[in-house]
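Here is what each chain is made of, one letter per residue.
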Amino acid sequence: MDGDLGDFLRSRRARIQPEEVGLPSHGRRRVPGLRREEVAQLAGVSVDYYIRLEQGRGPSVSDAVLGAVGRVLRLDDTEHAYLHAVARPRKPAGRPAAPRVRVGVQSLLDSMERTPAFVLDQRMDVLAWNALADAVFGYGRTGPEGRNIPRHVFLDPGSHDFYPEWSAVAVQCVAHLRMLAGHHQDDRRLTALVGELSLKSDDFRRLWADHPVRECAYGVKRIQHPVAGLLTFPYETLAVSADPDQSLLVYTPEAGSETEERLRLLGSWRATPVQT
């Protein structure tokens, strides 16, 4: 994804005002935030060196320089990791094998009878799920394209009703996808996904241009299910240690909550055979 490093650095220095870092503003500026020479000064590198870094011409940049630039731009831990990834992209590997979920992981999913759970890969494709995840999200009733979370959020008109807080979900989705893209720059299918969403969704294109970077490891998500009604899920994201490009998402309703009861009824309803 050419230009990611420069675009990211420019977006981050644009959000910091000179006064915040002890520099005079010198009146009206043509661009918001810090100038390149000011970032270079604060990071302790030459202006030419920093310009080459923004232009992506610094493949041998050191950890010390990236750390200094990150501190000047006030990057958080996730943004620091993203900066390192896009500043020193991995060399393309061979054609990636199709992702597979191990039998043991699927068995773990199936054993989780009271919580929707599913496995994601580095493109946010849902690779495997359990019965309750199917009941809530319908993964078993759609094709592979429908099981990609960014496609669902931005290209499925029904997602605005499915997620009552759609705007927040959209920002989280883009921020997480941006983080993944930084760590998998050699993934052609991921690059193609970003291109597809940029062409087909004005909302995605606008959010992607803002360069949000965030790992959505936990939180709370609200879902308006067409049968069960409003469901509120605290969720956790867990690494699948033997498969580093896969993660396990578990949606756990609070004990005794309305969501827990509605989820139980939804599971029972889905398990009831249809009479013919």
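Residues numbered from 1 in each chain as written. Predicted model: local features only at pLDDT ≥ 70, side-chain atom pairs only at ≥ 80, totals over all residues. Heavy atoms only, no water.

Just to check I follow, could you spell out the overall build of the chain for this structure?
What the chain contains, in helices and strands, is 13 helices and five strands. Overall, the chain is about 75 × 45 × 35 Å in size when its C-alpha atoms are taken along their principal axes. Partitioning the intrachain contacts of the chain with sequence separation of at least 6 by distance along the chain shows that 56% fall at a separation of at least 24. (Helix = DSSP H or I, 4+ residues; strand = E, 2+ residues; numbered from the N terminus. Contact = heavy atoms within 4.5 Å.)

How should the environment of Phe-8 be read in this particular structure?
Within the element layout of this structure, Phe-8 appears in helix α1 (residues 4–14). Looking at Phe-8, the relative accessible area reads 0%, which means it is buried. Residues within four places of Phe-8 in sequence aside, it is in contact with Leu-75, Glu-79, Tyr-82, Leu-83, His-211 and Val-213. (Buried < 20%, exposed > 50% of the residue type's maximum accessible area, 1.4 Å probe, protein only.)

Explain the state of the cysteines to me, please; I cannot follow it from the model alone.
Throughout this description, disulfide means a covalent bond between two cysteine sulfur atoms. All told, the structure shown has zero disulfides when counted by the stated rule. For the unlinked cysteine Cys-216, the closest cysteine sulfur is that of Cys-173, found at 8.2 Å. (Disulfide = S-S within 2.5 Å.)

So what exactly am I meant to see when it comes to the sheet that holds strand β3 (residues 218–225) here?
Note on sheets: strands pair through backbone hydrogen bonds, and any given pair is parallel or antiparallel. Strand order in the open sheet made by the five strands is β2-β1-β5-β4-β3, with antiparallel pairing throughout. Each edge of the open sheet is held by one strand with a lone partner, namely β2 (126–129) and β3. For this sheet the average axis-to-axis angle between neighbouring strands, irrespective of direction, equals 30 degrees. Helix-sheet contacts for helix α6 (residues 103–111) involve β1 (117–120), β2 and β5 (247–251), and the interaxial angle to β2 is about 55 degrees. (Pairing = 2+ DSSP bridges. Axes fitted to C-alpha atoms, helices over the stretch in contact; angles between N-to-C directions.)

In this structure, what is going on with the pattern of salt bridges? I would like to understand it.
Pairing is possible between side chains of opposite charge, provided their charged atoms come close. Throughout the structure, instances matching the rule amount to 21 salt bridges. Asp-121 is the salt-bridge partner of Arg-123, the closest N and O atoms lying 3.4 Å from each other. In this structure, Asp-187 and Arg-123 form a salt bridge, with 3.1 Å as the shortest nitrogen-oxygen distance. Linking Asp-187 in the loop between α10 (166–183) and α11 (188–200) with Arg-123 in the loop between β1 and β2, this pair joins segments that are 64 residues apart in sequence. (Salt bridge = Lys/Arg side-chain N within 4 Å of Asp/Glu carboxyl O.)

Sorry, what's going on with the nonpolar core here?
Nonpolar side chains tend toward joint burial in soluble globular proteins. If you look at the biggest cluster of nonpolar residues, it comprises 66 residues, and the most contacted ones within it are Phe-118, Phe-137, Val-153, Phe-154 and Leu-177. Considering every element that reaches this core, the biggest residue donor is α10, with nine residues. In this structure, Phe-154 is in contact with Trp-166, Ala-170, Cys-173, Val-174, Leu-197, Ser-201, Asp-203, Phe-204 and Leu-207, ignoring residues within four places of it in sequence. Core analysis: the next-biggest nonpolar cluster, separate from the first, contains nine residues, Leu-109, Val-119, Val-240 and Val-250 among them. (Core = buried A, V, L, I, M, F, W, Y, C linked by side-chain atoms within 4.5 Å.)

Sorry if this is basic, but what is going on with the side chain of Glu-38 here?
Looking at the element boundaries, Glu-38 is found in helix α2 (residues 36–43). Taking relative accessible area as the criterion, Glu-38 reaches 8% and is therefore assigned buried. For Glu-38, the contacting residues outside a window of four places in its chain are Leu-23, Pro-24 and Arg-29.

Is there a simple way to explain α11 in this structure?
The periodicity of an α-helix, 3.6 residues per turn, causes residues three or four places apart in sequence to face the same way. With 13 residues, α11 should cover 18 Å at 1.5 Å per step; its first-to-last C-alpha distance of 18 Å lies within 8% of that length. Among all positions of α11, only Leu-190, Leu-193, Val-194, Glu-196, Leu-197 and Ser-198 are buried. Tucked into the core, α11 has its buried residues touching α8 (149–155), α10 and α12 (202–209). N-cap assignment for α11: the residue whose side-chain oxygen lies 3.0 Å from the backbone N of Arg-189 is Asp-187. (Expected span 1.5 Å × (residues − 1). Polar contact = N/O pair within 3.5 Å; in protein donor to acceptor, adjacent residues only side chain to side chain.)

What should I look at first to understand α2 in this one?
What α2 keeps buried is the set Glu-38, Val-39, Ala-40 and Ala-43. Tucked inside the fold, the buried residues of α2 contact α1, α3 (47–54) and α4 (63–72). At the exit of α2 stands Gly-44, carrying a positive phi of roughly 80 degrees.

Help me out: how do you make sense of the packing of aromatic side chains in this one?
To describe a pair of aromatic rings, you give the distance between the ring centres and the angle between the ring planes. Going through the model one piece at a time under the given rule, you end up with 14 aromatic pairs. On the numbers, 4.9 Å between centres and 70 degrees between planes, the contact of Phe-8 with Tyr-82 is edge-to-face. Linking Phe-8 in helix α1 with Tyr-82 in helix α5 (residues 77–87), this pair joins segments that are 74 residues apart in sequence. Across this residue pair, the class does not change: Phe-8 and Tyr-82 are buried. Seen from their ring centres, Phe-154 and Phe-204 are 5.3 Å apart, and the 80 degrees between their planes marks the pair as edge-to-face. Placement of Phe-154 in helix α8 and of Phe-204 in helix α12 is noted, with a sequence separation of 50 residues between them. In this structure, Phe-154 and Phe-204 share a single accessibility class: buried. Aromatic rings pair up to connect Phe-118, Trp-129, Phe-137, Tyr-139, Phe-162, Tyr-163, Phe-233, Tyr-235 and Tyr-251 into one cluster. Note that Arg-178 overlies the ring of Trp-208, its terminal NZ or CZ placed 3.8 Å from the centroid. One residue, Lys-221, lies across the ring of Tyr-235, its end atom 5.3 Å from the ring centre. (Phe/Tyr/Trp six-rings, centres within 6.5 Å; stacked < 30°, edge-to-face > 60°. Lys NZ or Arg CZ within 6 Å of the ring centre and 35° of its normal.)

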